[in-house]
Amino acid sequence: MLSLVVGGLRTRWATLLGGFLALALGAGMLTATGLGLAAALDPPPRAPERFASSPVVVLGQDRLTVEVRRGPGTALASRPLDRPQPVDTGVLRELRARWTLTGAGPGAPDAVGLDAPVAEVRTVVGDRAQVLTGADRRRADPGHEDDARELTGLNALLGTAGGVAAFVSVFVVASVFAFSVALRRREFGLLRTAGATPAQVRRLLLAEAAVLGVTASAAGCALGSLAAPPMARALVARELAPAWFATAAGGSAGWPYPVAFWTGLGVALAGAAAAAHRAGRTGPTAVLREADVDRDVLPPGRALLGAGLLAAGLGLLFWTYGTEPETLLKRKTYTTLPMLLIGGAALLAPLLVRPVARLLPVPCGGAVGLLVRANAAAAVRRTSAVAAPVLVAVALAGTLFGASESVARAKETEARERTAASYAAEAGPTSLFVRDGAEAVVKYRARAVADPAAFAELARLPVVAGDLRDLDDRSIVVNEEFERRRVGEEVEVWRADGSGPVRLRVAAVLARGTGDNGPYVTRAQAPGTAPDRLEPGTEPRPVNRAARTGLRLLLGLTLLYAVIALASTLLMATSVRGGELAALRLAGATRAQALRAVTGEALLAVAVGTVLGLAVTAAVLGALGAALAALSAPVTPALPWAETGAAAAVCAAVAVAAAALPAWRLSR
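The structure displayed is predicted, hence computed values, not measured ones.

**Examining the overall build of the chain**
Argument step 1. Scanning the chain from terminus to terminus reveals 18 helices and 15 strands.
Argument step 2. In the chain, which comprises 668 residues, the share counted as buried stands at 49%.
Argument step 3. If you take every contact in the chain between residues at least 6 apart in sequence, the share linking residues at least 24 apart comes to 79%.
Argument step 4. Put simply, the chain shows about 29800 Å² of open surface, and 60% of that area lies on carbon and sulfur atoms.

Here it is, written out as structure tokens:
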């Protein structure tokens, strides 16, 4: 069996090259992103800056801890404060009486350094402050929280990139194996005629997939190890990671390698499993069958899985819109939810190809155009295998860029419409901690109003209940996310520095909007907050350069996979059409007409994939627009024509080249 597998791979290496490249690229991407995640989750120890010469640092409390209910008992819920509290004056007095303090000015500092036995310091401080030593002293540095936020965003980016790599590589590998099996029907028929059992045919294909998966995954791990350090430098240069971020040369963390290797092997076996089942059903009579019209192109298992994914995607889309529409505005949702729709549409592509192909204009006229349309409708496997990667590329480009830009425009419009003044002293940013029932404490981004009367006169907020003029030092303006949101109710609140709780009366209720509508309090409930001076129309765009760079990275990765799938599929498909092209020449077609027919079919298949990808994009962006309307936010749909057009154009160029080159050779 092994010699048969190796011999088959050696003779058919060109047809499996696309699957090998897809697996190697996927394993390499998983390795590189895994090494990046390992470096972000376990960063190297860094020397403290603010108290570098102090072995011990006493830091004020930097978390709010509140007792909440957990089942029949209680537990402590902890949330990070915006900034550490000042060190207790009693603690400072006792420490000064025994040791010399560093960083203790005339005011109340949030941290002090000292050179003393740590055990004695802990005895003096108790639970009134935090005692830090070693690398933990970094927590007193001003940039510590900024680094933590950047690392959180980096983890999300790398995790999404790895997920997209695994998702798209499954389709590419499955498409390559499925189409390869369709082209090898006569070969499997000969094996069955020679006495091979269905189980032996299945084992042959799975063994080929295993050999392919092992070699490609090993190559991908080596590639990812080499790519991780320059990837880290590129992330730092584009401000997607802290300046000190780096991965060890060769990768000191061990877990990304087995994860990437076994994922690549699993993808190869999963992609070949359905094809192996189909190959095992091939009968000995297949060697005598030569049909130009594909039949049984959508097996019941594939139809059931595709319909299930499509139904699950649409069901989750409608359910999320009906229950939590604000969730559709989050990047995690509009990045992952479309994958269900894309997967379902790609699996059902053989069912959708013929009706869509009949509706689209053909790229050629006359008899060649009729031939293009007839061949595309007859060779459903070939057309759907070409359309599927285009569908993935166009749909991901449309949903990722369209959703992010739509949310960004809605936030920008909402911020512009908040005030009627040409220049305004905007409320300063702060945070509030509020109980969510008895089980949790929620941290809200809030605004502190310096002049409530001017705020009520100039603000143009979406008030659904109450009156902004009632805002004072003992009240709060909430939004519809709050559990207690009836005018006149009292809300228990902790301030940004952890002080409290205080009970504030609800003066007005705002629509949820895009998530930036309140809450609002006065400066009395936000000590140390300074107002921001803003001019309407100059607000920074919510989707910043770093996030857009991450989206471009994902689009580039998806396009690369689409190119691999298109090139491998069309090279396989066109290389076996020598008899068909010879028949066209005998029927009177010129060489140019034969080439136009082949490239016209490729372009029509790309157009089918583009239409299906735009349909998925329309479904996602339509649900997003409905969610914005339900949240009383500005509905400003953004159709990413540039990104989807670029994806379709790249796919079209690759498809024409991959179809024309072997056709030109065969039609000589």
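**Topic: the pairing of strand β12 (residues 490–494)**
One face of the sheet, then the other: side chains in a regular strand alternate in exactly this way.
Argument step 1. Summarising the sheet, strand β8 (residues 428–436) and β12 pair through two bridges and their orientation is antiparallel. Opposite F433, over in β12, you have W494 as the bridge partner.
Argument step 2. Pairing between β12 and strand β13 (residues 502–510): four bridges, direction antiparallel. By the bridge assignment for β13, E492 is matched with R503.

**Points about unusual backbone geometry**
Most peptide bonds are trans, and most residues other than glycine sit at a negative phi.
Argument step 1. A positive phi angle, near 60°, is found at S632, a position not held by glycine.
Argument step 2. Relative to the assigned elements, S632 resides in the loop between α17 (591–630) and α18 (641–666).

**Concerning helix α3 (residues 89–98)**
Argument step 1. Within α3, burial applies to G90, V91, L92 and L95.
Argument step 2. Here the buried face of α3 lies against β1 (56–59), β4 (101–102), β5 (111–114) and α4 (118–125).
Argument step 3. Of the residues flanking the start of α3, the one acting as N-cap is D88, its side-chain oxygen 2.9 Å from the backbone nitrogen of G90.

**Section: the nonpolar core**
Argument step 1. Counting 99 residues, the largest nonpolar core has V168, V172, Y561, V608 and C651 as its most contacted members.
Argument step 2. Apart from residues no more than four positions distant in its own chain, V608 is found in contact with V353, V356, A357, L360 and A387.
Argument step 3. Membership of the second largest hydrophobic core comes to 16 residues, among which are V56, V91, L95 and V131.

**Brief notes about the packing of helix α11 (residues 349–359) against helix α12 (residues 366–378)**
Argument step 1. Put simply, α11 and α12 touch, their axes get as near as 9 Å, and they point 165° apart. In terms of axis orientation, α11 runs roughly antiparallel to α12. The interaxial crossing formed by α11 with α12 has right-handed handedness. Contacts between α11 and α12 involve V353, R354, A357, R358 and L359 on the former and, on the latter, R373, A376, A377 and A378.

**Comments concerning the packing of aromatic side chains**
Argument step 1. Considering all chains together, one arrives at three aromatic pairs under this definition.
Argument step 2. Ring geometry for Y444 versus F482: centroids 4.3 Å apart, planes at 20°, classification stacked. Highlighted residues: Y444 in strand β9 (residues 440–449) and F482 in the loop between β11 (475–479) and β12, separated in sequence by 38 residues.
Argument step 3. Of the residues examined, Y444 reaches a relative accessible area of 13% and is grouped as buried.
Argument step 4. Note on F455 and Y520: the rings are 5.1 Å apart at their centroids and 35° apart in plane angle, and the pair reads as tilted. Placement of F455 in helix α14 (residues 452–458) and of Y520 in strand β14 (residues 520–522) is noted, with a sequence separation of 65 residues between them.

**Examining the environment of L661**
Argument step 1. If you trace the backbone, L661 turns up in helix α18.
Argument step 2. Sequence-wise, L661 and T574 are 87 residues apart; in three dimensions their C-alpha atoms are separated by 8.9 Å.

**Describing the packing of helix α13 (residues 380–416) against α17**
Argument step 1. Interhelical geometry of α13 versus α17 gives an angle of 30° and a closest axis separation of 6 Å. With respect to each other, α13 and α17 are oriented roughly parallel. Between α13 and α17 the crossing geometry is right-handed.

**Here we look at the pattern of salt bridges**
Argument step 1. Tallying each qualifying case throughout the model produces 14 salt bridges.
Argument step 2. Of the charged contacts in the structure, one is a salt bridge between D62 and R139, with a shortest N-O distance of 3.0 Å. Within this pair, whereas D62 is found in the loop between β1 and β2 (63–70), its partner R139 is found in the loop between β6 (130–133) and α5 (144–183), the two being separated by 77 residues in sequence.
Argument step 3. D62 gets classed as buried once you look at its relative accessible area, which sits at 14%.

**Description of the side chain of T430**
Argument step 1. The topology assignment puts T430 in strand β8.
Argument step 2. Those residues in contact with T430, other than ones at most four positions away along the chain, are D82, Y444, R445, A446, R447, A448, A496, A526 and T529.

**A short note on the side chain of T383**
Argument step 1. Secondary-structure assignment places T383 in helix α13.
Argument step 2. Ignoring sequence-local partners within four residues, the contact set of T383 consists of V353, A376 and A605.

**With respect to the sheet that holds β1**
Argument step 1. Strand order in the open sheet formed by four strands is β4-β5-β1-β6, with antiparallel pairing between adjacent strands. Across the chains shown, the open sheet's two edge strands, defined by having one partner strand only, are β4 and β6.
Argument step 2. Bridge count between β1 and β5: four bridges; the pairing is antiparallel. Paired with V56 across the bridge in β5 is L114.
Argument step 3. Where α4 meets the sheet, its contacts fall on β1, β5 and β6, and the angle it forms with β6 comes to roughly 165°.

**Describing a nonpolar patch on the surface**
Argument step 1. Residues L614, L639 and W641 make up a contiguous nonpolar surface patch of roughly 330 Å² in combined accessible area.
Argument step 2. Along the chain, the position of W641 falls in helix α18.
Argument step 3. According to the relative accessible area criterion, W641 is exposed, its value standing at 57%.

**A few points about the environment of L304**
Argument step 1. Structurally, L304 can be placed in helix α9 (residues 300–323).
Argument step 2. Sequence spacing of L304 and G344 is 40 residues, and the spatial spacing of their C-alpha atoms is 9.6 Å.

**Some remarks on α11**
Argument step 1. The set of residues buried in α11 consists of A349, P350, V353, V356 and A357. Taken down its axis, α11 places every buried residue within 120° of arc, on the same side. Turned more than 90 degrees from where α11 packs its buried face, L351, R358 and L359 sit exposed.
Argument step 2. The secondary structure elements touched by the buried residues of α11 are α9, α10 (331–347), α12, α13 and α17.

So, how was this worked out
- Throughout, a residue's number is its position along its own chain's written sequence, starting from 1.
- It should be noted that, the model being predicted, local features are given only for residues of pLDDT at least 70 and side-chain atom pairs only at 80 or more, the latter also being counted only at that level, while totals for whole chains, interfaces and linings use all residues.
- With hydrogens and water stripped out, all remaining heavy atoms of the structure feed into the side-chain values.
- Counting from the N terminus, the helices are the DSSP runs of H or I reaching at least four residues and the strands are the DSSP runs of E reaching at least two.
- A simple rule labels every residue: compare its accessible area, found with a 1.4 Å probe on the protein chains alone, to the largest value its type can have, and call it buried under 20%, exposed over 50%, or partly exposed in between.
- The contact definition used throughout considers only heavy atoms, calling two residues in contact when any of these lie within 4.5 Å.
- Per-residue and other accessible areas follow the Shrake-Rupley method at a 1.4 Å probe size, with only the shown protein chains counted as cover for residues.
- Two strands are said to pair when DSSP picks up at least two bridges between them.
- Pairing of N or O atoms within 3.5 Å defines a polar contact, subject to two protein rules: one partner must be a possible hydrogen donor and the other a possible acceptor, and residues neighboring in sequence count only if both atoms are side-chain atoms.
- Nine residue types can take part in a nonpolar core, namely buried Ala, Val, Leu, Ile, Met, Phe, Trp, Tyr and Cys, and a core is a set of them joined through side-chain atoms within 4.5 Å.
- A fitted line through C-alpha atoms represents every axis, and for helices the fit uses only the stretch in contact; the resulting angles, taken between N-to-C directions, go from 0 to 180 degrees.
- Orientation labels follow simple angle bins: below 35 degrees gives roughly parallel, above 145 gives roughly antiparallel, 65 to 115 gives roughly perpendicular, and whatever is left gives oblique.
- Crossing handedness is defined as follows: a turn of the near helix away from the far one that is anticlockwise and smaller than a right angle gives a left-handed crossing, while the clockwise case is right-handed.
- Aromatic pairing here means that ring centres of Phe, Tyr or Trp (its six-membered ring) are within 6.5 Å. Orientation follows from the plane angle: under 30 degrees is stacked, over 60 is edge-to-face, and everything else is tilted.
- Criterion for a salt bridge: a side-chain nitrogen of Lys or Arg within 4 Å of a carboxyl oxygen of Asp or Glu.
- Two joining distances apply to patches: 9 Å for like charges and 5 Å for nonpolar side chains (Val, Leu, Ile, Met, Phe, Trp, Tyr), and every residue must have over 30% relative accessible area and no salt bridge.
- Directions are taken from the helix axis to each C-beta atom, and the arc is the one they span.

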